[in-house]
Amino acid sequence: MSEAAVRGGWWLAQASGDTVRARLLWSQGLLAEIPIGIHFDVVRLLSLQLGQAAVEDLRAAGRRPGPVLLDHVRRYSFWLVAIERGEWGVPEAELLSRRAGRLPQAIPVPGTGVGRVGGREWLVEPDGTGLLTRPGDLAVAIRRARAASRSASGFVP
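Source: prediction; values computed, not measured. Each chain carries its own residue numbering, running from 1 in the written order of its sequence. Whole-chain, interface and lining totals are the exception, using all residues; otherwise, since this is a predicted model, local features are given only for residues with pLDDT of at least 70 and side-chain atom pairs are given and counted only at 80 or more. To get the side-chain values, take all heavy atoms of the structure and skip hydrogens and water.

### Comments concerning the pattern of salt bridges
Pairing between side chains of opposite charge can happen when the charged atoms of each approach one another. Take a side-chain nitrogen of Lys or Arg and a carboxyl oxygen of Asp or Glu: if they are within 4 Å of each other, that pair is a salt bridge. In the structure shown here, the tally under the stated rule is eleven salt bridges. Note that Arg7 and Glu3 form a salt bridge whose closest N and O atoms lie 2.9 Å from each other. Here Arg7 and its partner Glu3 are both found in helix α1 (residues 3-16), four residues apart, which amounts to about one turn of the helix. Between Glu92 and Arg146 there is a salt bridge, and its shortest N-O distance comes to 3.4 Å. Linking Glu92 in the loop between β4 (76-81) and β5 (93-96) with Arg146 in helix α4 (residues 135-152), this pair joins segments that are 54 residues apart in sequence. Each of Arg63, Glu84, Arg134 and Asp137 takes part in a single network of salt bridges with overlapping partners. Every helix listed is a DSSP run of H or I at least four residues long, and every strand listed is a run of E at least two residues long, numbered separately from the N terminus.

Here it is, written out as structure tokens:
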């Protein structure tokens, strides 16, 4: 396992609120739940392909994407994003964040450096630095990736 995967695993385990439990679950090949809205929010994108294209778009624009999780069963991608309060109006994508007065939602994630677990795997693994994608950057990348997909398929809006 790479040093970045080890650091990313520790970062995720710390974000879980119960480092020992998270690492134990991962060592057993299971998913650990990480609360949303404490260390990061999550954008659920209702397309694997659009999520992968958005990663490529960010990289082409010279921006490093933060962690991106693929769910091959539901065909979603989940982006761990910086917590920013504001409007999110991107079609086919839902911003999951902590709501005032409620317990945080959680996202089940595999450990780092292990491949696919329970239909989920990291497209971009956490690297331990705390790097997260800014929601505004993700929104722009999704729009550009969607437009590129339309033009490649011959669709003219």
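### Brief notes about the side chain of Ser77
With respect to the helices and strands, the residue Ser77 is situated in strand β4. The criterion used for residue contact is that any of the two residues' heavy atoms lie within 4.5 Å. With near-sequence residues (within four places) excluded, Ser77 lies in contact with Val43, Arg44, Leu45, Ser47, Leu48, Gly51, Val68, Leu69 and Leu70.

### Considerations on helix α3 (residues 48-60)
Take the number of residues in a helix, subtract one, and multiply by 1.5 Å to get its expected span. With 13 residues, α3 should cover 18 Å at 1.5 Å per step; its first-to-last C-alpha distance of 18 Å lies within 8% of that length. Leu48, Leu50, Gly51, Ala54, Val55, Asp57 and Leu58 are the residues of α3 that are buried. For the purposes of these results, a polar contact is taken to be a pair of N or O atoms within 3.5 Å, where, inside protein, one atom must be able to donate a hydrogen and its partner to accept one; residues adjacent in sequence count only when each atom of the pair is a side-chain atom. A side-chain oxygen of the first residue of α3 lies 3.4 Å from the backbone nitrogen of Gln49; this N-cap is Ser47. At the exit of α3 stands Gly62, carrying a positive phi of roughly 80 degrees. A simple rule labels every residue: compare its accessible area, found with a 1.4 Å probe on the protein chains alone, to the largest value its type can have, and call it buried under 20%, exposed over 50%, or partly exposed in between.

### Focus on the sheet that holds strand β7 (residues 120-124)
Strands are labelled as partners when DSSP assigns at least two bridges between them. Strands sit in the order β5-β2-β4-β3-β7 across an open sheet of five strands; the sheet is antiparallel. Edge positions in the open sheet fall to β5 and β7, since each of these has one partner strand only. Taking the axes of each pair of neighbouring strands and ignoring which way they run, one obtains an average angle of 25 degrees across the sheet. Each axis is a line fitted through C-alpha atoms, and for a helix only the stretch in contact is used; angles between axes span 0 to 180 degrees, taken between their N-to-C directions. The strands touched by α3 within the sheet are β2 (41-45), β3 (68-71), β4 and β7, with β4 carrying the most contacts at an inclination of about 40 degrees.

### Section: the packing of aromatic side chains
Stacked, edge-to-face and tilted labels apply to pairs of Phe, Tyr and Trp rings (six-membered ring for Trp) whose centres lie within 6.5 Å, assigned for plane angles under 30 degrees, over 60, and everything in between, in that order. Under the criterion given, the structure shown has two aromatic pairs. Geometrically, the ring pair formed by Tyr76 and Phe78 is edge-to-face, given 6.0 Å between the ring centres and 80 degrees between the ring planes. Assessed through its relative accessible area of 5%, Phe78 is described here as buried.

### Looking at a nonpolar patch on the surface
On the surface, a cluster of nonpolar side chains totalling about 400 Å² of accessible area is made up of Met1, Val6, Trp10 and Val114. Tracing the backbone through its elements, the reader meets Val114 in the loop between β6 (106-109) and β7. You can call Val114 partly exposed: its relative accessible area is 42%. Residues qualify for a patch when their relative accessible area is over 30% and they have no salt bridge, like charges being joined within 9 Å and the nonpolar side chains of Val, Leu, Ile, Met, Phe, Trp and Tyr within 5 Å. Note on areas: Shrake-Rupley with a 1.4 Å probe; residue coverage comes only from the protein chains shown.

### Let's talk about the confidence of the model for the protein
One number per residue, pLDDT, summarises how confident the predictor is, and it ranges from 0 to 100. Residues of the protein with pLDDT of at least 70 account for 92%, and the chain-wide mean is 90. Within the protein, the lowest mean pLDDT, 86, falls on α4, and the highest, 97, falls on β3.

### Describing the packing of α1 against helix α2 (residues 19-27)
Put simply, α1 and α2 touch, their axes get as near as 7 Å, and they point 125 degrees apart. In terms of axis orientation, α1 runs oblique to α2. Judged by the twist between their axes, the crossing of α1 over α2 is right-handed. Counted together, Gly9, Trp10, Leu12, Ala13, Gln14 and Ser16 of α1 and Thr19, Ala22, Arg23 and Trp26 of α2 form the full contact between these two elements. Residues of the contact of α1 with α2, tallied by class, amount to five nonpolar, four polar and one charged. By definition in this entry, angles of less than 35 degrees are roughly parallel, angles greater than 145 are roughly antiparallel, angles of 65 to 115 are roughly perpendicular, and the rest are oblique. Handedness of a crossing is defined here by the sense of rotation of the near helix relative to the far one, left-handed for an anticlockwise turn of less than a right angle and right-handed for a clockwise turn. Polar here means any residue outside two lists: the nonpolar Ala, Val, Leu, Ile, Met, Phe, Trp, Tyr, Cys and Pro, and the charged Asp, Glu, Lys and Arg; Gly therefore counts as polar.

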